[in-house]
Amino acid sequence: MSHDAQLLEYRQRQQARMAGELADQRSRMQPSGPLRPSTSAKALEARLRTQVSQEMTEELQHSIFQWALLSRLGIEVWGEAEEEGVEEEPTFPSILQMLPCFGGRRALYSGSLPSTSLPDLGPLLRCREAVEALLLSGGCRDWVLATAHLCRLLRESPSLLQGGWQLQLAVATSLCMAEGREMMDSSFHESAVDFFKRYQHYCANAVAKELFPEFRSLKAWHFRYVLGSWHSDDDLAWSRANVSKEYKKPDVIGQSARMVKYKPHNDKGVSVHDGLRFYDNEKATMPRILSYGGVCGAVSKFGASCCQAFGVPAMPVGQPGHCAMIWRGPGGRWCLENDNGGWNQSWMHDKIQRTWPKELGRFAEHAGVIPVAERAIMSGKYSCSESQRLAAKLSPLETAAELLINAVLLCPDNLCAWVDLLAVATPQLAPMLHPRVEALEALAASGPWQGGRELSLNCPVRASADVERAGHVVDGTDSEWFPTEAAPQWLEIDLKKLSQVDRVRVKWWGDYGKKSSLRVLSLLWDEVADFDYAEAVVHERGRRTHAADFNGWTELPGWEEPTRAVRLELDQPCPDCFGLSKSYGIRRVEVLGHHIGTSSSLSIGSLLTRLAEASFPSPQELADQQGLRIVTEMLKGFSE
């Protein structure tokens, strides 16, 4: 029987069943009304109008998630009575029982389905954890296919509906199956990865306690970056047996990348840039990479697969002219390994699943999205924040704006909420936003970062030399600025607003904290001049008087006078301790303090900027550092 004929027959059976079920439900309904509210878009809109100012109930949140999932499957309006003169709307339980495959009253998927039997959405929709795990897993390119795979896994293993790591792993498996070969690199395995077998592989190894214990606490989002290993299941098993003992620990497993010998040419003289010829035209399996060696790509991909072998989320990331890797350490701490550029210059690698790709667009390419999403997903508030964001799609503009502000305040790490908030932000929103920004700023000022926020983070920097790397000193990482010139050198950091500087901290490269002289100066000029120093008033504010430790810090006190820019002047050039022909070296500059006069600004653009700064207040926290950087980039395209 053809697929179209099968689908027609199936839908005819379901329509007949729907009529019978609906009649049965109506016969059992109490005079007081339906057993439970419907999750139709129309019913949700009505409920949201009355509950937007109140805390959403769990039942309402679940209804919103169900509606969102069905909408992504193509069912935009569902659950409403078709017959004229029918006063009652079908009840929620009856909709679940009567919903045809991919729901509703029309076919949603015209391509070839994964198997001949069509899935029933009922068990999935009834399970709150399953629906949330699917929707909160970071996004998907093909929701229909992913949902079809998940429904079949739930049908074949009903115990999954009890929840826990097995259900989360099943959701991730379905998403990986939907992504398919688009997320795989055929250079690393003999045949395409069978994700169902991989799912069974991890289930068996978790039960056998071959994986690190934290594997069982992961969410579906994490599991995507475990299951997505480019190496075969046999290679993963080989890794568990052959990773050096010193690296076979949750806090250092990512360092297993160091096991690979750095070799631009193999023993026959073939360049690594000749692709698989480097490996004698064989696949780049784990044992072969270890035996032959390689450069940054082989090093990072070997390390990522070692992590994944033990159930640790990991992935390679791209950097300028380089391949590094990131991996999840204990407690959700994401680490860079084989690093050459820091987080701010790390980008999602080709053929790696993106987090929130549709919602974030080009911003999903930042590797920094990963630590932000980590904190969101593990915070306990992401689910509520996301339900508010989704509810905004069903609400009139003013209500939607309030819901989106709530979503951001509940979970600032929900970057999707920022995107949607910027889409509806208008000057009319300022009176609603202003008191909430002030309250959040007051909370931030009383936190552990109350000694002043880092004003210089990602600010414009000018330099006398090594201009391309000058911005590294304010990117929040330990990447370097190190001129080779022997003449005195300088850096100028534009704080972008009038500021009161409380402290200036400089982290040196190597032992330059003992060798280089340092003067710190402040500049003040009319803000409209925008980095025009011709008329700037310059004051010296301090000098380095004590030697700093190796890669250590020099800290100078601040001053009360308003400042727009800070200038660092260095002298006493000398050879670096690493023999790299450098004359000066700085890793990081932090200007800490407070902007002056911003609290009175009520423009929507300035309020959104203040909201971002108060939402991500601690630059020492990786998620705050990356969250603020990404939202700040979003705001660059914001037009009031």
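Before reading on, note that the structure itself is shown above.
Keep in mind that this is a model prediction, so the values were computed, not measured.

> So what exactly am I meant to see when it comes to the pattern of salt bridges here?
Opposite charge on two side chains allows them to pair when their charged atoms are near. In total, this model carries 38 salt bridges according to the counting rule given. The salt bridge involving Lys-268 is made with Asp-280; its shortest N-O contact spans 3.3 Å. Placement of the pair is Lys-268 in the loop between helix H11 (233-242) and helix H12 (286-292) and Asp-280 in the loop between H11 and H12, with a sequence separation of twelve residues. Judged by relative accessible area, Asp-280 falls into the partly exposed class, the value being 29%. A salt bridge links Asp-413 to Arg-375; the shortest N-O distance between them is 2.8 Å. With Asp-413 in the loop between helix H17 (397-410) and helix H18 (415-424) and Arg-375 in helix H15 (residues 369-378), this residue pair connects regions lying 38 residues apart in the sequence.

> Is there a simple way to think about the packing of helix H8 (residues 165-179) against helix H9 (residues 195-207) in this case?
Axis angle and axis distance: for two packed helices, these are the angle between their axes and the distance between the axes, and together they describe the pair. One can describe the packing of H8 onto H9 by two numbers: an axis separation of 9 Å at closest approach and a directional angle of 155 degrees. Compared by their axis directions, H8 and H9 come out roughly antiparallel. Along this stretch, H8 crosses H9, giving a crossing that reads as right-handed. For the pair H8 and H9, contact is made by Trp-165, Gln-166, Leu-169, Ala-170, Thr-173, Cys-176 and Met-177 and by Phe-195, Phe-196, Tyr-199, Tyr-202, Cys-203 and Ala-206, respectively. A per-class count over the contact of H8 with H9 returns eleven nonpolar, two polar and no charged.

> What's the story with the packing of H11 against helix H13 (residues 296-309) in this structure? I'm lost.
It is the contact of H11 with H13, at a shortest axis distance of 8 Å, that shows an interaxial angle of 85 degrees. Judged by the angle between their axes, H11 and H13 are roughly perpendicular. Together, Leu-236, Trp-238, Ser-239 and Arg-240 of H11 and Phe-302, Ser-305, Cys-306 and Ala-309 of H13 make up the contact between the two elements. Split into classes, the residues belonging to the contact of H11 with H13 amount to five nonpolar, two polar and one charged.

> Please explain the sheet that holds strand S2 (residues 322-328) as it appears in this structure.
Strand pairing in a sheet relies on backbone hydrogen bonds. The paired strands run either parallel or antiparallel. The antiparallel open sheet is built from four strands, whose spatial order is S3-S2-S1-S4. The open sheet has two free edges, formed respectively by strand S3 (334-337) and strand S4 (347-348), since each of these has just one partner strand. In this sheet, S4 lies alongside strand S1 (residues 314-319) in antiparallel orientation, the contact comprising two bridges. Bridging from a neighbouring strand, Val-317 pairs with Met-348 of S4.

> Where do I start with the packing of aromatic side chains in this structure?
Here a ring pair, both rings aromatic, is described through the centre-centre distance and the interplanar angle of the planes. Within this structure, the stated rule accounts for 16 aromatic pairs. Summarising the aromatic geometry, the rings of Phe-196 and Tyr-199 are spaced 6.1 Å apart at their centres and angled 35 degrees between planes, so their arrangement reads as tilted. Taken as a pair, Phe-196 and Tyr-199 lie in helix H9 at a separation of three residues, close to a single helical turn. Ring centres 4.9 Å apart and planes at 15 degrees place the aromatic pair Phe-212 and Phe-310 in the stacked group. Pair noted here: Phe-212 is in the loop between H9 and helix H10 (220-227) and Phe-310 is in the loop between H13 and S1, with a separation of 98 residues, a long-range link. A residue is classified by how much of its surface remains accessible, and Phe-212, at 10% relative accessible area, is buried. We classify Phe-310 as buried; its relative accessible area is 4%. Each residue in the set Phe-482, Trp-509, Tyr-512, Phe-550 and Phe-578 is aromatic and connected to the rest through ring pairs, giving one cluster. The ring centre of Trp-553 lies 3.9 Å from the NZ or CZ of Arg-505, which sits over that ring. Positioned above the aromatic ring of Tyr-512, the side-chain terminus of Lys-515 is 5.6 Å from the ring centre.

> What am I meant to see in helix H21 (residues 604-615) here?
The terminal C-alpha atoms of H21 lie 16 Å apart, and with twelve residues this matches the ideal 16 Å at 1.5 Å per residue to within 8%. In terms of burial, H21 is largely enclosed, as eleven of its twelve residues are buried.

> Where do I start with the environment of Trp-508 in this structure?
Structurally, the position occupied by Trp-508 is in strand S7 (residues 489-508). What makes Trp-508 buried here is its relative accessible area of 0%. Sequence separation between Trp-508 and Ile-586 is 78 residues; the distance between their C-alpha atoms is 4.4 Å.

Rules used throughout
Residues numbered from 1 in each chain as written. Predicted model: local features only at pLDDT ≥ 70, side-chain atom pairs only at ≥ 80, totals over all residues. Heavy atoms only, no water. Salt bridge = Lys/Arg side-chain N within 4 Å of Asp/Glu carboxyl O. Helix = DSSP H or I, 4+ residues; strand = E, 2+ residues; numbered from the N terminus. Buried < 20%, exposed > 50% of the residue type's maximum accessible area, 1.4 Å probe, protein only. Axes fitted to C-alpha atoms, helices over the stretch in contact; angles between N-to-C directions. Parallel < 35°, antiparallel > 145°, perpendicular 65-115°, else oblique. Left-handed = near helix turned anticlockwise from the far one by under 90°. Contact = heavy atoms within 4.5 Å. Nonpolar A, V, L, I, M, F, W, Y, C, P; charged D, E, K, R; others polar. Pairing = 2+ DSSP bridges. Phe/Tyr/Trp six-rings, centres within 6.5 Å; stacked < 30°, edge-to-face > 60°. Lys NZ or Arg CZ within 6 Å of the ring centre and 35° of its normal. Expected span 1.5 Å × (residues − 1).

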